[in-house]
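Report on the structure
Given next are the chains, with one letter for each unit.
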Amino acid sequence: MVSMDQTALRPATETLHAAELAKLEQADKGRRPPGWRLSARAVRSFVLGDPALGISRKFYGDDALVERAIVSLMGEQGLLLVGEPGTAKSMLSELLAAAVTGSTRLVVQGSAGTMEEHLRYGWNYALLIAEGPSEKALVPSPVLQAMRGGLVMRIEELTRCPPEIQDGLISILSEKMIAIPELGDGAIVRAAPGFNIIGTANLRDRGVSEMSSALKRRFNFETVHPITDPAFERELIERRLADRLAPSGIKPDMSEAALGILVSCFQDLRAGRTAEGVTLQKPTAVMSTAEAVNVAHAAALEAAYLGDGRVTGAHLARQIGGIVMKDDPEDGRKFKSYVDHIVKDRARSGSDWRSFYEAARALRLD
Ligand SMILES: Nc1ncnc2c1ncn2[C@@H]1O[C@H](COP(=O)(O)OP(=O)(O)OP(=O)(O)O)[C@@H](O)[C@H]1O
Ligand SMILES: [Mg+2]
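Remember, it's a predicted structure, so these values are computed and weren't measured experimentally.

When you go through the protein residue by residue, the secondary structure sums to 16 helices and 9 strands. Principal-axis analysis of the C-alpha atoms places the extent of the protein at approximately 80 × 45 × 40 Å. Within the protein, the fraction of its 366 residues that count as buried is 48%. Intrachain contacts of the protein at a sequence separation of at least 6 include 69% that bridge at least 24 residues. Summing over all exposed atoms, the protein offers an accessible surface of approximately 17,600 Å²; the carbon and sulfur share of this is 52%. Seen as two clouds, the 45 positive and the 47 negative side-chain charges of the protein have centres 3 Å apart.

Given below as structure tokens:
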């Protein structure tokens, strides 16, 4: 069953933004591509925001990429969003699917265990044995359902699927049909207009380079980069923090200064260079915006439940320390050097950087 529950830990995109989608549909005068619920312009507004209509921005950083992605979905090829972890590839694929087809439920979560039936069809074996092959005994994959309905479906972590399973997509994407020989000669499902696939793939995982070139040609690749504009990153963290805390009734109490520390720390370490132009040793840990949101959230929870509610530099330092130590012990030393050189100087400028500095110095980083 599809959950329409607004109170679920993570409601579906179409549930979360149902009011905005309805508003866009009502106001939509643009031309809709075959099978689409909204015009391409309205899809763009849904993802990038439209203040005049009261539609919030959901994806930050690269508007042109979003436009190319929408165009790609109208065309013959699939869309493959590739990039570092935590760059909102999955989020963007959900936003696009929700806007184009009104639903994000057609998804295959790619893994080493993904099998052909997850991309084509399987059988209800009790019915198959009792009655023989029939439409009733057929268990359609999300791909088959999307073909029938002319819908956009998603494949998460495409490159984690075994290569021979990935290659099954080549014919699906070029011929736009799936044959079901068990149902008789000529039993073929042909994709209705509107059918397309959005894949996501993580550049840190094994795989994008190992995808067969035949499959690569059937996808338009779009690389999603981390947010480089500090103002955008700030706005995003603030919004996501408020969303995350809303169910527990906590109002975020994070000062401009604390938010500034979080953003500059992430941007410095991600780029291997401070805003003032000092070169740093870059940790291998993923300093994504998604991790920055996690840091803000955990710091706010600690402040709310174990402190006086106000997020301080010290809360942030402890959480960032945990993120930096995730991958490689060498990263601890790199963070320590950042603290000893850059943060130390900044600690003279105000109490928030000072509390960050003192808490970071107290961490075991090697
Ligand atoms: N450019 C961005 N615009 C909006 N939100 C972003 C952006 N970059 C990161 N985020 C935040 O990161 C969160 C996680 O993103 P998501 O899970 O979609 O990343 P991903 O690229 O699919 O990561 P992974 O490769 O680990 O699956 C989003 O929910 C959002 O809060
Ligand atoms: Mg993802």
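From this point on, the discussion continues.
Turning next to the domain arrangement of the protein. Split into domains, the protein comes out as domain 1 (13–224) and domain 2 (230–361). Its C-alpha centre places domain 1 at a distance of 35 Å from the equivalent point of domain 2. Summed over both sides, the interface between domain 1 and domain 2 buries roughly 730 Å², with carbon and sulfur atoms accounting for 58% of that surface. Contact with domain 2 buries area across many residues of domain 1, yet Tyr60, Gly86 and Arg204 alone supply 63% of it, more than any other trio. Summed over the shared surface of domain 1 and domain 2, the number is 0 salt bridges. Where domain 1 touches domain 2, the interface holds 4 residue pairs in polar contact (both at pLDDT 80 or more). Within the side of domain 1 that touches domain 2, the residues separate by chemical class into 3 nonpolar, 3 polar and 2 charged.

This next bit is on the pairing of strand S1 (residues 78–83). Summarising burial for S1: 6 of the 6 residues are buried, a large majority. The two faces of S1 match: Gly78, Leu80 and Val82 on one face and Leu79, Leu81 and Gly83 on the other face are all buried. Across 6 bridges, the pairing between S1 and strand S9 (residues 219–224) is parallel. Opposite Leu79, over in S9, you have Asn220 as the bridge partner. One ladder, built from 5 bridges, connects S1 with strand S8 (residues 196–202); its direction is parallel. From the neighbouring strand, Leu80 faces S8, where its bridge partner is Gly199.

This brings us to the nonpolar core. Met254, Leu262, Leu316, Ile320, Phe335, Tyr338 and Phe356 are the most contacted members of the largest nonpolar core, which has 41 residues in total. Those residues in contact with Phe335, other than ones at most four positions away along the chain, are Cys265, Leu269, Ile320, Gly321, Val324, Phe356, Leu363 and Leu365. Listed in part, the 34 residues of the second largest apolar core include Leu80, Val82, Val143 and Leu158.

This next bit is on the pattern of salt bridges. Enumeration over the complete set of coordinates arrives at 25 salt bridges. Its salt-bridge partner being Glu94, residue Arg154 comes within 3.7 Å of it at the nearest N-O pair. Of the two residues, Arg154 is situated in strand S5 (residues 152–156) and Glu94 in helix H5 (residues 89–101); the sequence distance between them amounts to 60 residues. Exposure remark for Glu94: the relative accessible area of 10% places this residue in the buried category. Look at the salt bridges and you will find they share partners, linking Arg10, Glu94, Arg154 and Glu156 into a network.

Take the sheet that holds S5 next. The strand order across the open sheet built from 5 strands is S2-S5-S8-S1-S9, with neighbouring strands paired in parallel fashion. Two strands lie at the open edges of the sheet, namely strand S2 (107–109) and S9, each paired on one side alone. The mean inter-strand angle of the sheet, taken between neighbouring strand axes irrespective of direction, is 15°. Sitting on the sheet, helix H9 (residues 163–175) is in contact with S1, S5, S8 and S9, with an inclination near 145° to S8.

Taken together, 17 residues form the shell around ligand 1, and within it Tyr60, Gly86, Lys89, Ser90 and Met91 come nearest. Within the contact set of ligand 1, an oxygen atom lies 2.8 Å away from a backbone nitrogen or oxygen of Gly86. Here an oxygen atom of ligand 1 and a backbone polar atom of Met91 are 2.8 Å apart. Where the shell around ligand 1 is concerned, the elements lending two or more residues are H5, helix H11 (230–245) and helix H13 (289–306). Here the shell around ligand 1 gets 3 residues from one element, more than from any other, and that element is H5. Viewed by domain, the shell around ligand 1 spans two of them, domain 1 (13–224) and domain 2 (230–361), each represented by three or more residues.

Conventions and cut-offs
Numbering of residues starts from 1 in every chain and runs along the sequence as written. Each chain gets a letter, beginning with A, and each ligand a number, beginning with 1, in the order they are written. Only residues with pLDDT of 70 or above have their local features reported here, since the model is predicted, and side-chain atom pairs are shown and tallied only from 80 upward, although totals for entire chains, interfaces and linings are computed over all residues. Excluding hydrogens and water, the side-chain figures rest on all heavy atoms present in the structure. Helix and strand assignments come from DSSP, with helices taken as H or I runs of at least 4 residues and strands as E runs of at least 2, each series counted from the N terminus. Buried means the residue's accessible area, taken with a 1.4 Å probe over protein chains only, is under 20% of the maximum for its type, while exposed means over 50%, and partly exposed covers the values in between. Note on definitions: a residue-residue contact is assigned when non-hydrogen atoms from the two residues lie within 4.5 Å. Per-residue and other accessible areas follow the Shrake-Rupley method at a 1.4 Å probe size, with only the shown protein chains counted as cover for residues. In this count, Lys and Arg are taken as positive residues and Asp and Glu as negative ones, while His and the chain termini are left out. Each charge is placed at NZ for Lys, CZ for Arg, CG for Asp and CD for Glu. An automatic or database domain assignment supplies the residue ranges for each domain. As used here, buried area is the combined drop in accessible area, with a 1.4 Å probe, of two parts when they are placed together. By definition here, a salt bridge exists when the distance from a side-chain nitrogen of Lys or Arg to a carboxyl oxygen of Asp or Glu is within 4 Å. Definition of a polar contact: a pair of N or O atoms within 3.5 Å, with one able to donate and the other able to accept a hydrogen when the atoms are protein atoms, and with sequence-neighbouring residues admitted only if both atoms are side-chain atoms. Basically, the charged four are Asp, Glu, Lys and Arg, the nonpolar ten are Ala, Val, Leu, Ile, Met, Phe, Trp, Tyr, Cys and Pro, and anything else, Gly included, counts as polar. Any two strands between which DSSP finds at least two bridges are classified as paired. Side-chain atoms within 4.5 Å are what join buried Ala, Val, Leu, Ile, Met, Phe, Trp, Tyr and Cys residues into a set we call a nonpolar core. Orientation is described by axes fitted as lines to C-alpha atoms, over the contacting stretch for helices, and by angles from 0 to 180 degrees between their N-to-C directions. Near, as used in this document, describes a residue that has one of its heavy atoms within 4 Å of the molecule or strand being considered.

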